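Structural characterization, general
Okay, here's what each chain looks like letter by letter:
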Amino acid sequence: MADAPTTLVILGASGDLTRRLLLPGLGTLLSAEPTRRVRVVGADRVDLSQEDWQTKVRDAFAEAGLDTAVAEPIAADSRYLKTDVLDEAQVRSLLAEAGEPLVLYFALPPAVTVQACALLEKIGVPRGTRLALEKPFGNDLESARELNRQLLRVVPENDIFRIDHFLGVNTILNLIGIRFANRLLQPIWTSEHIEKVEIVYDESLALEGRAGYYDKAGALLDMTQSHLLEILAFFAMEPPATMHADEVRGLKAQVLRATHAWGHDPARASRRARYTAGSIEGRSIPDYVAEEGVEAARHTETLSELVVQIDNLRWSGVPFILRSGKAIGDQRKEVVVTFRPPAHVPTGLEDNTEPDRLVLQLKPGAVDVELSMNAEGNPFELEQKELHAELGKPRMLPYGEILGAILDADPLLTIRGDEAEELWRIVEPVLAAWRANKVPLQDYAAGSDGPAGWGTVPRR
Ligand code: NDP
């Protein structure tokens, strides 16, 4: 840790992300690591007194369960600077006030972030300044490239922290331990042993008033283009020699470069659907298109499935099914690995079991291994038995892990520029096929498990 406390400047400090995720995340980080030194500066265009800002910080820390002895000095030392991030004079005085070392966290609408970066290019930032950005990183491949070029004109790549908070989720980080830290699974993590992989994030939550954002994004961009492909990258990357950011991010980018729609046919490899009225656990859910702020003509999907292949030696021929949806009755947030059948089961054993599977539950974290074994009562029959391990409670919220890494200037848990471009390169052909109406927009009732017949892999 540096001698002077790092100043964390939150641009967009009066917004939703700051209140709901950043400040509570910081609170859990400080709870786990109370000796950390950080100075928090809030900046936004709204009028806010120092007292009001400090109350926001205190409340968020209290909500995160942070001891007041740790919270109070940091809250009392935190400052609010009313700033229009597009006004040169105001940004200059913000930078002068902030001090160094400095982290600029863009909790702003994406279009404002792009403009603010252009202004920072003009003004210049102190050497070593880190920029932290939220997704979306551009609206398509071309704008992602342009954003990367713009960011690189402000600071070097290793000082750019593109955030995907899934990378701070301990169950996802556990993929590294599961894959590489035991002798049992590490050798069988290949197409020779694995038949298919499903990465599923189905939630029972419906739109919940988020039409302003979600209706323009949809399930594919909200989840698959970012979080699910990032999980895939951790799952499928080649073994890193060290946990150094350059090593791991290089291997993630490498596997993403090899990833394409199944059969290189984005129309056959993808499915989309939108929920209609229904009910979930006694809650009545209106038709998606009847929700306030939704424009039916946008044909926004609330459930998407994309099957991808990885064209390399390790994964050739293995389908990866990426699925995510809202208003789903049976909430599933998991990575399911289905293993190939054994080459031979002794003749005379009655084998009517399912394939062996490893299920990594993302929320709450747990691992299940389902294996064929002798059946209870009759050793000449087989049945599936489950080995279950709970993953301990995370030490902090995902945003705490991410902020800790940014404050330590370690980009391991963030997305490198070329990775961000690959994520667009993978989904852009799918979006084009949808726009050309090559994939029907199906319906499913809220509270159901989605349209029938999904989860199968199209023949190539
Ligand atoms: P909000 O709109 O709630 O907050 C943005 C804040 O930035 C507002 O307070 C806004 O002020 C302020 N702002 C806008 N323009 C300027 C400007 N020129 N100068 C200074 N302040 C300005 O957005 P969110 O907090 O929801 O999202 C922020 C970012 O985080 C987005 O990129 C989003 O995609 C991402 N994100 C958000 C998540 C969430 O759950 N909220 C989750 C994951 C990512 P005003 O209200 O006056 O416009």
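Residues numbered from 1 in each chain as written. Predicted model: local features only at pLDDT ≥ 70, side-chain atom pairs only at ≥ 80, totals over all residues. Heavy atoms only, no water.

Naming follows an unreviewed UniProt entry, where the protein chain appears as Glucose-6-phosphate 1-dehydrogenase of Ornithinimicrobium tianjinense. UniProt's Pathway (unreviewed entry) comment on the protein chain is quoted here verbatim: "Carbohydrate degradation; pentose phosphate pathway; D-ribulose 5-phosphate from D-glucose 6-phosphate (oxidative stage): step 1/3." (UniProt positions renumbered as here; feature names shortened; annotations may be inferred.)

1. Structural notes on unusual backbone geometry
Cis geometry is found at the peptide bond from K135 to P136, where omega equals 5 degrees. Position of P136 relative to the elements: it lies in the loop between β5 (130-134) and α6 (141-152). The backbone of H264 sits at a positive phi, close to 50 degrees, despite the residue not being glycine. For H264, the position within the fold is in the loop between β8 (259-261) and α10 (266-269). (Helix = DSSP H or I, 4+ residues; strand = E, 2+ residues; numbered from the N terminus.)

2. Describing the nonpolar core
By size, the foremost hydrophobic cluster in this structure holds 127 residues, and its most contacted members are L104, Y105, F106, F235 and F320. Broken down by element, the residue count for this core peaks at 12 residues, all from helix α8 (residues 211-236). Both domains that furnish three or more residues to this core are identified here as domain 1 (6-134) and domain 2 (167-397 + 440-445). Excluding its chain neighbours within four sequence positions, the residues that come into contact with F106 are L11, T113, A116, C117, L120, L131, A132, L133 and E134. If you look at the next biggest cluster of nonpolar residues, it comprises 17 residues, including I285, Y288, A327 and A446. (Core = buried A, V, L, I, M, F, W, Y, C linked by side-chain atoms within 4.5 Å. Buried < 20%, exposed > 50% of the residue type's maximum accessible area, 1.4 Å probe, protein only. Domains from an automatic or database assignment. Contact = heavy atoms within 4.5 Å.)

3. Structural notes on the sheet that holds strand β4 (residues 102-106)
Judged by pairing direction, the sheet is parallel, and its 6 strands sit side by side in the order β3-β2-β1-β4-β5-β6 without closing on themselves. Every interior strand has two partners, whereas the edge strands, β3 (79-82) and β6 (160-163), have only one. Adjacent strand axes in the sheet meet at a mean angle of 20 degrees when their direction is disregarded. Where helix α1 (residues 16-32) meets the sheet, it contacts β1 (6-11), β2 (38-44), β4 and β5, and its direction lies at approximately 160 degrees from that of β1. (Pairing = 2+ DSSP bridges. Axes fitted to C-alpha atoms, helices over the stretch in contact; angles between N-to-C directions.)

4. With respect to the site of the ligand
Near the ligand there are 21 residues, and of these D16, L17, R20, D44 and R45 occur at the shortest range. Here the ligand loses 75% of its free accessible area of 890 Å² to cover by the protein chains. Elements supplying a minimum of two residues to the shell around the ligand: α1 and α5 (110-123). It is α1 that provides the largest number of residues to the shell around the ligand, a total of 4 residues. Here the residues of the shell around the ligand are counted per class, giving 10 nonpolar, 4 polar and 7 charged. (Near = heavy atom within 4 Å. Areas by Shrake-Rupley, 256 points an atom, 1.4 Å probe, with all protein chains shown as cover. Nonpolar A, V, L, I, M, F, W, Y, C, P; charged D, E, K, R; others polar.)

5. Thoughts on the UniProt feature "domain: Glucose-6-phosphate dehydrogenase NAD-binding" (unreviewed entry) in the protein chain
Mapped onto the present numbering, the UniProt feature "domain: Glucose-6-phosphate dehydrogenase NAD-binding" (unreviewed entry) falls at residues 9-174. Helix makes up 50% of residues 9-174 and strand 17%, and the two end C-alpha atoms of the span are 30 Å apart.

6. With respect to the packing of α1 against helix α11 (residues 398-407)
One can describe the packing of α1 onto α11 by two numbers: an axis separation of 7 Å at closest approach and a directional angle of 70 degrees. Judged by the angle between their axes, α1 and α11 are roughly perpendicular. Where α1 approaches α11, its residues L17, L21, L22, G25, L26, T28 and L29 are matched on the opposing element by Y399, G400, L403, G404 and L407. Grouping the amino acids of the contact of α1 with α11 by side-chain chemistry returns 8 nonpolar, 4 polar and no charged. (Parallel < 35°, antiparallel > 145°, perpendicular 65-115°, else oblique.)

7. Observations concerning α5
Under the 1.5 Å per step criterion, the end-to-end length of α5 is 20 Å for 14 residues, consistent within 8% with the ideal 20 Å. Among the residues making up α5, those that are buried are T113, A116, C117, L119, L120 and I123. Considered in projection along α5, the buried side chains sweep an arc of 165 degrees and stay on one side of the axis. Counted as exposed and oriented over 90 degrees from the buried face of α5: A111 and K122. Each element contacted by the buried residues of α5 is listed here: α4 (88-98), β4, β5 and α6. Directly beyond the C-terminal end of α5, a positive phi value near 85 degrees is found at G124. (Expected span 1.5 Å × (residues − 1). Arc of directions from axis to C-beta.)

8. Focus: the UniProt feature "domain: Glucose-6-phosphate dehydrogenase C-terminal" (unreviewed entry) in the protein chain
When the UniProt feature table is mapped onto this chain, "domain: Glucose-6-phosphate dehydrogenase C-terminal" (unreviewed entry) is found at residues 178-452. Within the segment residues 178-452, helix and strand shares are 27% and 28% respectively, and the terminal C-alpha atoms sit 32 Å apart.

9. Quick word on helix α12 (residues 417-435)
An ideal rise of 1.5 Å per residue puts 27 Å on 19 residues; α12 measures up with 27 Å between its terminal C-alpha atoms. Along its length, α12 shows its largest kink, about 35 degrees, at V427, and proline P429 lies within four residues downstream of that point. Among the residues of α12, those classed as buried are G417, E419, A420, E422, L423, W424, I426, V427, V430, L431, A433 and W434. Residue N437 follows α12 closely and has a positive phi angle near 60 degrees. (Bend = angle between axes of the 7 residues up to and from the residue.)

10. Description of the pairing of β6
Residues I160 and R162 point to one face of β6 and F161 and I163 to the other, with burial holding for every one of them. Sheet topology note: the β5/β6 ladder contains 4 bridges and is parallel. Residue pairing in the sheet places E134 in a bridge with I163 of β6. Handedness of the crossover is the feature at issue here: the chain leaves β5, passes through α6, returns alongside β6, and the resulting connection is right-handed. (Right-handed = clockwise from strand over helix to strand, strands pointing away.)

11. Quick word on the pattern of salt bridges
When the charged atoms of two side chains lie near each other, side chains of opposite charge can form a pair. Within the structure shown, the criterion is met by 33 salt bridges. Where E157 meets R162, a salt bridge forms, and the shortest distance between an N and an O atom there is 2.9 Å. Taken as a pair, E157 and R162 share a single burial class, namely buried. Between E305 and R271 there is a salt bridge, and its shortest N-O distance comes to 3.0 Å. Of the two residues, E305 sits in strand β12 (residues 303-310) while R271 sits in strand β9 (residues 270-276), which places them 34 residues apart along the sequence. (Salt bridge = Lys/Arg side-chain N within 4 Å of Asp/Glu carboxyl O.)

12. Quick look at the pairing of β5
Most of β5 sits out of view: 5 of its 5 residues are buried. Both faces of β5 are covered, namely the face carrying R130, A132 and E134 and the face carrying L131 and L133. In this view, the connection linking β4 to its parallel neighbour β5 by way of α5 has right-handed handedness.

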